[in-house]
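Chain and residue survey
Each chain, written out:
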Amino acid sequence: METIFSIVTAADVRSYDAIESYSQAMHVPVIIYNDVRKLLKPNYKYLLHIAPPHLKAVVDFIKLHKWRTVFYLHVENDPLWPWRVSEIFTLTNGSDKINIIQRHLGKLNDSYEQLRILDKMALSHTEKIFILDILDRPTLQLILKQITELGMNREGYNYIIGGMDIQEVTLKSFEHGGARITGFQIVDKNGTKSKVLIPWEKRTKSEIKMGIKAPPLEVSKQIIADISLIMIFCFLQQGFEKINRERPDLVRTRTGIHYNTNSSKEIVCHKHKFLERGPIILEFLKNTSAPCLSGNVQFDKNGYRTKYNFDVHSLYKKKLKKIGNWSSETGYNRDVIDALKKKPKEHKGPYIVTLVVEAPFVINKTDKNGKEVFEGFCIDMFNKLANSSQLQLDYVIRKRNDTKYGAWNKKTKSWDGMISELIEGVGSGYSSW
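Summary of the structure given here. The shown structure was predicted, so the numbers you read here are calculated from the model rather than taken from an experiment. (Residues numbered from 1 in each chain as written. Predicted model: local features only at pLDDT ≥ 70, side-chain atom pairs only at ≥ 80, totals over all residues. Heavy atoms only, no water.)

1. Observations regarding helix α3 (residues 81-91)
One full turn of an α-helix is made of 3.6 residues, so residues set three or four places apart face in the same direction. Among the residues making up α3, those that are buried are Trp83, Arg84, Val85, Glu87 and Ile88. Here the buried face of α3 lies against α1 (16-26), α2 (55-65), β4 (69-74), β5 (99-104) and β6 (128-132). (Buried < 20%, exposed > 50% of the residue type's maximum accessible area, 1.4 Å probe, protein only. Helix = DSSP H or I, 4+ residues; strand = E, 2+ residues; numbered from the N terminus. Contact = heavy atoms within 4.5 Å.)

This is how it looks when you write it as structure tokens:
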């Protein structure tokens with residue numbers, strides 16, 4: 001093991017203690033790039049956590065709404081779920097009296113039964129609040145698909161998505177259901193990301209002709225790239241001259257090789273042999289503040305990421321959009337608070353039901369006064385729904401002159417038929433049969 005400055009790794013419940021012990025015994029700074037933190041830990045000082053934790057933002061959002069009962073959902077194949085469950089209970093164990101109901105979602109391909117049980121449990125609550133703390137995005141997409149198929153994407157359902165990459169999550173099936181989605185996106189206030197992505201996204205003419213696109217630079221990859229940036233800024237900010245003057249052994253080489261001690265160029269697993277340059281490297285890293293892809297990277301005295309920001313994004317009957325900002329120092333800004341106070345516009349006037357006459361679903365007849373009336377399965381069902389105690393809707397029926405249900409026109413790039421009426425009449429109370 002030559003030219004050791006630090007070790008970069010991921011950690012989970014099984015490996016964390018071993019990594020901690022090794023870093024402490026060998027005096028080796030270890031940078032952990034996934035979101036893992038052990039709440040009850042000995043005073044081991046050589047671990048640095050570069051991934052900003054998101055659960056504090058989640059809990060602050062719950063407190064902002066003054067929600068009292070929240071369902072916390074996770075999957076068993078997540079190796080970090082025991083610690084995140086402990087963290088969410090610790091963060092909510094205050095004077096706010098928040099009741100956290102924690103549930104496994106069981107088998108990934110078939111979580112329907114568990115979701116049905118949760119749906120029934122939430123029926124007594126006007127606002128149904130679910131935290132989906134599922135950081136593996138393919139798994140999250142599978143759970144979101146099952147939620148939609150069970151009809152749990154309707155009015156009164158609120159989902160808070162864990163993680164810091166909400167813009168990478170596909171939420172199209174929630175845009176018209178009535179459920180509210182909230183999530184977070186790590187903020188790059190310094191524009192470092194755009195500077196890096198310009199060359200990243202550039203392609204040769206031949207690649208463009210072949211349709212080859214630049215692979216997406218997901219947040220998880222940005223954080224790994226940030227480790228290189230923080231190391232570079234560490235030496236730039238501390239200054240090579242200062243390092244060479246105060247600790248010449250840190251950069252001194254013999255025949256091009258960094259030696260750990262005068263006699264060893266490796267980290268030897270021996271109680272008297274450790275990384276001599278470890279403490280000074282750790283000090284330099286903790287004193288460094290660097291503009292990186294995932295925002296400004298800075299560590300507190302315990303080695304945790306500090307002074308970071310999330311953009312807050314929300315979806316409610318429309319596409320996902322930014323509503324404000326959350327800071328690890330000050331919490332939510334005024335924009336988020338104001339956005340939460342805004343109530344959706346109430347529908348005025350009767351709802352319009354557009355239909356195509358097709359027996360036995362819709363049949364048109366003429367009554368004794370010569371007025372056209374409608375009967376059939378869909379009419380009976382809509383009357384039953386509209387007159388129910390839960391809805392109590394006023395509506396008028398509008399028959400289409402053609403018999404088009406709706407098809408996509410490639411030339412005009414638009415829909416026709418009833419689908420066109422629904423799209424154009426969103427906000428005017430359209431329904432269709």
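2. Digging into the side chain of Gln185
Along the chain, Gln185 turns up in strand β8 (residues 180-186). At 3.1 Å, the side chain of Gln185 forms a polar contact with the backbone nitrogen of Ile166. (Polar contact = N/O pair within 3.5 Å; in protein donor to acceptor, adjacent residues only side chain to side chain.)

3. Quick notes on α2
Along α2, the positions that sit buried rather than exposed are Leu55, Ala57, Val58, Val59, Asp60, Phe61 and Ile62. Just beyond α2, the residue with positive phi is Lys66, at close to 60 degrees.

4. Looking at the layout of surface pockets
Rolled over the atoms, a probe with the dimensions of a water molecule shows which regions are left empty. Looking at the second largest pocket, its volume works out to about 640 Å³. Taken together, 28 residues line the second largest pocket, and the ones lying closest to its centre are Asn34, Asp35, Leu135, Asp136 and Ser220. Breaking the lining of the second largest pocket down by element, the ones donating at least two residues are α5 (137-149) and α8 (219-238). Of the residues that constitute the lining of the second largest pocket, the class distribution is 13 nonpolar, six polar and nine charged. (1 Å grid on protein atoms, 1.4 Å probe; cavity = no way out; pocket = protein on both sides within 12 Å on 5 of 7 lines; lining within 4 Å. Points joined across faces, edges and corners; volume = space filled by probe spheres on them. Nonpolar A, V, L, I, M, F, W, Y, C, P; charged D, E, K, R; others polar.)

5. Re the pairing of strand β12 (residues 295-298)
Where strand β11 (residues 289-292) lies against β12, four bridges are found, and the strand directions are antiparallel. The partner of Pro291 across the bridge, within β12, is Asn296. Between the end of β11 and the start of β12, which pair antiparallel, lie two residues. (Pairing = 2+ DSSP bridges.)

6. Overview of the packing of aromatic side chains
This model, assessed by the stated rule, comprises 12 aromatic pairs. Summarising the aromatic geometry, the rings of Tyr157 and Tyr159 are spaced 6.4 Å apart at their centres and angled 15 degrees between planes, so their arrangement reads as stacked. We note that Tyr157, like Tyr159, is buried. Through successive ring pairs, a cluster of aromatic residues spans Phe71, Phe130, Tyr157, Tyr159 and Phe174. The ring of Tyr316 carries Arg180 above its face, with NZ or CZ at 4.3 Å from the centroid. (Phe/Tyr/Trp six-rings, centres within 6.5 Å; stacked < 30°, edge-to-face > 60°. Lys NZ or Arg CZ within 6 Å of the ring centre and 35° of its normal.)

7. So, the pattern of salt bridges
Counted under the stated rule, the structure contains 13 salt bridges. Note that Asp60 and Lys56 form a salt bridge whose closest N and O atoms lie 3.1 Å from each other. In this pair, Asp60 and Lys56 are both assigned in helix α2, four residues apart and thus about one turn of the helix distant. Residue class for Asp60 comes out buried when judged on its relative accessible area of 16%. Assessed through its relative accessible area of 38%, Lys56 is described here as partly exposed. Across the pair Glu113 and Arg116 runs a salt bridge, and its minimum N-O distance is 3.6 Å. Here the residue Glu113 and the residue Arg116 both occupy positions in helix α4 (residues 112-121), the gap between them amounting to three residues, near one helical turn. Looking at Arg116, the relative accessible area reads 39%, which means it is partly exposed. Bridged by salt links that share partners, the residues Asp78, Arg84 and Asp133 form one connected network. (Salt bridge = Lys/Arg side-chain N within 4 Å of Asp/Glu carboxyl O.)

8. Thoughts on a nonpolar patch on the surface
Taken together, the side chains of Phe361, Phe377, Met381 and Leu385 present a nonpolar region at the surface, about 370 Å² in accessible area. Within the fold, Phe377 resides in helix α12 (residues 377-386). (Patch = residues over 30% accessible without salt bridge, like charges linked within 9 Å, V, L, I, M, F, W, Y side chains within 5 Å. Areas by Shrake-Rupley, 256 points an atom, 1.4 Å probe, with all protein chains shown as cover.)

9. Focus on empty space enclosed by the protein
For the structure shown, the criterion picks out two cavities of 30 Å³ or more. Its volume calculated, the largest cavity comes out at about 70 Å³. Lining of the largest cavity is provided by Asp35, Val36, Arg37, Pro53, His54, Leu55, Leu80, Trp83, Arg84 and Glu87. In terms of residue count, the dominant contributor to the lining of the largest cavity is α3 (three residues). Of the residues that constitute the lining of the largest cavity, the class distribution is five nonpolar, one polar and four charged.

10. Considering the sheet that holds β5
Here eight strands make up an open sheet; going across it, the order is β5-β4-β6-β7-β8-β13-β14-β15 and the pairing mixed. Edge strands, defined here as strands with exactly one partner in the open sheet, are β5 and β15 (331-332). Relative to strand β7 (residues 157-161), β6 is paired through five bridges, and the arrangement is parallel. When the sheet's bridge partners are listed, Phe130 is paired in β7 with Tyr159. Sheet strands touched by α3: β4, β5 and β6. Its angle to β5, the strand with the most contacts, is close to 170 degrees. (Axes fitted to C-alpha atoms, helices over the stretch in contact; angles between N-to-C directions.)

11. What about the packing of α2 against α3?
Packing of α2 against α3 brings their axes to within 10 Å, and their N-to-C directions diverge by 40 degrees. What the angle tells us is that α2 and α3 run oblique. Crossing handedness for the pair α2 and α3: right-handed. From α2, Leu55, Lys56, Val59 and Lys63 reach across to α3, where they touch Arg84, Glu87, Ile88 and Leu91. Tallied by class, residues from the contact of α2 with α3 come to four nonpolar, no polar and four charged. (Parallel < 35°, antiparallel > 145°, perpendicular 65-115°, else oblique. Left-handed = near helix turned anticlockwise from the far one by under 90°.)

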